[in-house]
Amino acid sequence: MTTSAATVLELRDRVRRHETTAQSAVADALRQIDAVDGAIAAVGQVFRDEALAAAAAIDRRLASGDAVGPLAGVPFTVKENIATVEGTTSASSRILEQHRSVYDATAVARLRRAGAVLVAKTNMDEFGMGSSTENSAFHVTRNPWRPTHVPGGSSGGAAALSAATRGMIHLGSDTGGSIRQPASYCGVTGFKPTYGRVSRYGLLAFASSLDQIGALQQSAADCALALGAIAGEDAMDATSRDAEVPDFVALLARGVEGLRIGVPREFFPGGVDAEVRELVEVAVAKLEGLGAEVREVSLPHVRYANPAYVLVSAAEASSNLARYDGIHCGRRVADPADLIDLYARSRAEGFGAEVKRRILIGTFVLSSGYYDAFYRKALQVRSLVRRDFERVFADVDAVVGPTSPVPAFPIGERMDDPMKLYAVDVLTVPANLAGLPAISLPCGSTRDGLPIGLQVHGRALEDDVVLRLAAAYQSSTDHHARAPSICAWRSDAAAGSSGTARGRS
Amino acid sequence: MAATNVVGGRGDSHAGSGWEAVIGLEVHAQLATRTKMFCRCETRFGAPPNTLVCPVCLALPGALPTINREAVRHALRVVLACGCDVARTTKFDRKNYFYPDLPKGYQISQFDQPIGDGGRVRYELDGEQRSVRLARIHMEEDAGKNTHVAGRQVSQVDLNRAGVPLLEIVTEPDIATPADAVAFFGALRLMLLYLGVCDGNMEEGSLRCDCNVSIRPRGSLELGTRAEIKNLNSFTFIENALHYEIVRQVRVRESGGAIVQETRLYDPDRDETRSMRGKEEAHDYRYFPEPDLPPLSFSADEIEAARASVPEMPLERAARLVGELGLSEYHAGVLVQDHEASRFLDRCLELWPEPKPLANWLINDLKEELNHRKAGLVALGLDPQRFVDLVRAVDDGIVSKQQGRELVRKLFDGDAPIAALIRELGFEQIRDDSVLRAQIESVLADHPGPVDDVRAGKKNSINFLVGQVMRASKGKADAARVAQLIEEILGR
């Protein structure tokens, strides 16, 4: 028997109405994590004592009638690359295994100010580099729908935990699909806001011009709730936008009637799995049935987006990761022979193979003599991709397609060939290159029972339109409400071999 | 010896030889902002190590830079004062290299879109107006400071300086002699002081420069291979290092050798430059646009506001002091070189438009008193009104010159009004001729000899008699008036 609220919105309301307490909400979140994490290994650290103490403080305020924030008592987790004063902020890398942040990321500080309570940090591909969470320096996270399969990545821990629990906010980060692709693989709703909507202050940078914090939830409505709390200009991040932060939850009610949806043929290249294509086509038909107007559009340069993404992200990463040099913070080898030895061995021992590969690629493409042929060319492609979207968005309000060309794949399958792993990002990187808001929401499962994600892009700063489309779809479908059999909130958690409908109470 | 004939004066190390030097400077000026370039830490000098730091300038994981607008406004004013083209859009770039004093592993600088392009700095040398063209002006951040602990295998890093805003001003290779380099550098320093954008303190490293030097056959238009001398932080070091380097290069060439492109360090103790690293070790800095900082552009209003805030520059000022205010070239020159005194004079002139007496007292007696107190006008907070009152008291004959000098010495002991000081010291002059006459008559009666001398036409004796009257009046008599009266009385 459990008191878990089905959604974060519902939990928030129950705490407000004094139907439950912050302490019981947090205790329930901790219990769920304890119940599932042995099977999925989604979590790196749990902050039991700190979380219960914070919840108790909120309950005291609630009891004495003091003002509490709009998310009072809501438990939340953050990815290992988001700075928190609790525990370590390792980006799942050996080089930062012992790194303790002296400050909270702005997104974390805002959630705390809203009354939310940090309960855990979630596993990821080291520094966000990967699409399977197999690149974590610490452990491999498993897909709750099929533990032999990857949860996607790099926010694989957040996606897996989001799928297997309920009543929590999960913050991830998305550089080339790192929220949307694992959301798609784990059957949850993952939203990457417009670049600049959410402050990056305290997000350990992978590729600064692409990184964006967002949430992985059971529904678009919960994504909207989380976004409302973390969005807005931040004096600590010069790239944050000073756009108004509307009540994203209230705007969901507007529905999709009259919205024009573009379906680009370039989002269905040869590599897209037939089942993925079918399910996405059915989902588009559903949106049409709900009143949206669907038309075919073309984004001709999207086919070059992935190589451009690999170069731009690697270039920025090679510079962003230079600070992990063994001198200032992070791992330092003992008894270095000299300065060069200190640098070389601290980094050689501290970084994993994929991170080193990207640093090498990035260093190469920025080098004198190669800059024009690679980095500059990639920036030109980036402009073309952005212009493609601008042109299309003159005629449509949203662009939809699959999130990933394939469903979750078996652990180990793509680790021997980085190009095979990079290929799964092909449909998610365009949104990062163009800085657009994009969401992945479940639109069914393969015959094998693996979730498939539908991706929706919107115009810059029209995060509300993207969330609205997703919410409208979810209000008339139940794909997002399905949960894997190991999910923690069910009293019969261990029972059943296939998915079960997730109760909406 | 071939080298001896190339050594001329320090002004022209190669005078009389077949070679001429080509010199370009890269000047680094610390912008006088309260906080750092990309965070809100203070820029104070001399704080205990690693106390003026935060997650941003420590480069802690996840921290991001934000732009100090004050630093940008300072930079913009320098750009306008030097007549550079203001960039329509300027952006920051990352200069990537590893060094322990560089916590991010890159320096935020400007590469291909600096805030200012071109421009010119004028200076005077040997009474002649000359100028140096600028290549560019860009903004960047300073690094920290490494200290090697003597006797131990330990190095320490202080990041108080890390992120301090710098302006780099790069000249074209227009400079021909060490003397020109020093004169240019001095003129530029003065401009920065006038603009209030840099404190010009070279000992604390607020202003320093790198010198690029090459030589070529006199009259040739080609540029030779250059050496770069790093981090010179005094006028003397610049002059000596350039002199040494030019002579060295001439010797190398005349003995059949070739100059190698390299970075050299000047050692003031041995007065020589030494190779630090060669071209083959040159860094590939892998510059690319700083993705954490959006590009900046300036509206016409912003540029006009910045232009309006550019004060009169030293050379214009000197011309005006001579031409409009009638000061001597000497007074004007001294005043222009002393920026504090110069600004102080402006404030005084607003209160009392008599430049000559003010400049005279400022340059001579006030300056002497400041030297004596080893402090500046700004530090001592002198109110211009009190200084004007003092100079006027002398000018109006209320006190004597000598008494004026004593007042200057009392000027910084409190903030009493000058009138009160004069009363307190009993300095008011006797302005009543009948009182003066009585004192004179008494002195004349006591000194019949000198009186006879005066009558006989010995002018010096008048001075003696005036002195006696001054003594009798305890200095309260106006010496000039006393002399007039004695002449009257003695019927001359």
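One numbering rule holds for all chains: residues counted from 1, following each sequence as written. Following the order in which they are written, the chains are lettered starting with A and the ligands numbered starting with 1. Owing to the predicted nature of the model, reporting of local features is limited to residues with pLDDT of at least 70; listing and counting of side-chain atom pairs is limited to 80 or more, with chain, interface and lining totals taken over all residues.

Visitor: Describe the overall build of chain A, listing the residues and the values that go with them.
Guide: For helices the rule is a DSSP run of H or I covering at least 4 residues; for strands it is a run of E covering at least 2, with both sets numbered from the N terminus onward. Helix and strand counts for chain A stand at 16 helices and 13 strands. Taken along the three principal axes of its C-alpha coordinates, chain A extends 65 × 60 × 45 Å.

Visitor: Lay out the environment of A:Asn143 in plain terms, naming residues and giving numbers.
Guide: Residues and elements named next belong to chain A. Position of Asn 143 relative to the elements: it lies in the loop between β3 (117-122) and α5 (156-164). Measuring from C-alpha to C-alpha, the distance between Asn 143 and Thr 428 comes to 20 Å, with 285 residues separating the pair along the chain. Once you skip the residues sitting within four places of it in the chain, Asn 143 turns out to touch His 149, Val 150, Pro 151, Ala 160, Tyr 185, Cys 186 and Ala 408. Here contacts are defined at the residue level, using C-beta atoms placed from the backbone and a cut-off of 7 Å between them.

Visitor: Tell me what's going on with the interface of chain B and chain A, and back it up with residues and numbers.
Guide: Every contact between the two is made by 24 residues of chain B and, on the other side, 36 residues of chain A. Residues are grouped as follows: nonpolar covers Ala, Val, Leu, Ile, Met, Phe, Trp, Tyr, Cys and Pro; charged covers Asp, Glu, Lys and Arg; every other residue, Gly included, is treated as polar. Across the side of chain B that touches chain A, the residue classes tally to 15 nonpolar, four polar and five charged.

Visitor: Please set out the domain arrangement of chain B residue by residue, giving values where relevant.
Guide: Split into domains, chain B comes out as domain 1 (2-297), domain 2 (312-424) and domain 3 (433-489). In this structure, domain 2 of chain B and domain 3 of chain B have C-alpha centres spaced 32 Å apart. What marks off one domain from the next here is an automatic or database domain assignment.

Visitor: Go over the sheet that holds strand β4 (residues 169-174) of chain A, please, and point to the residues and values.
Guide: All names here are of chain A. As summarised here, the arrangement of the eleven strands in space is β1-β3-β2-β4-β6-β5-β10-β11-β9-β7-β8, forming an open sheet in which the pairing is mixed. The outermost strands of the open sheet, each flanked by one partner alone, are β1 (43-46) and β8 (293-297). Recorded for the sheet is a direction-independent mean angle of 30° between the axes of neighbouring strands. In this scheme, strands are said to pair when DSSP sees at least two bridges between them. The pairing of β1 with β3 spans three bridges and is classified as antiparallel. Its bridge partner lying in β3, Val 46 is registered against Ala 120. With axes taken as lines fitted to C-alpha atoms, and helix axes fitted only over the stretch in contact, angles between N-to-C directions fall between 0 and 180 degrees. Set on the sheet, helix α7 (residues 220-230) makes contact with β4, β5 (189-192), β6 (212-217) and β10 (438-445); between it and β6 the angle comes to about 145°.

Visitor: Tell me what's going on with the sheet that holds strand β16 (residues 288-289) of chain B, and back it up with residues and numbers.
Guide: Residues and elements named next belong to chain B. Strand order in the open sheet made by the three strands is β5-β4-β16, with antiparallel pairing throughout. Two strands close off the open sheet at either side, each with one partner strand: β5 (106-109) and β16. Two elements, strand β4 (residues 93-96) and β5, share four bridges in a ladder whose sense is antiparallel. Note on β5: the bridge partner recorded for Asp 93 is Ser 109.

Visitor: For the packing of helix α13 (residues 433-446) of chain B against helix α16 (residues 479-489) of chain B, give the residues involved together with the corresponding values.
Guide: All names here are of chain B. Between α13 and α16, whose axes approach to 10 Å, the crossing angle comes to 65°. α16 is crossed by α13, and the crossing has right-handed handedness. Contacts between α13 and α16 involve Asp 433, Leu 436, Arg 437, Ile 440 and Leu 444 from the former and Arg 481, Val 482, Leu 485, Ile 486 and Ile 489 from the latter. Its residues placed into classes, the contact of α13 with α16 shows seven nonpolar, no polar and three charged. Crossings are sorted by hand: turned counterclockwise from the far helix by less than a right angle, the near helix makes the crossing left-handed, and turned clockwise it makes it right-handed.

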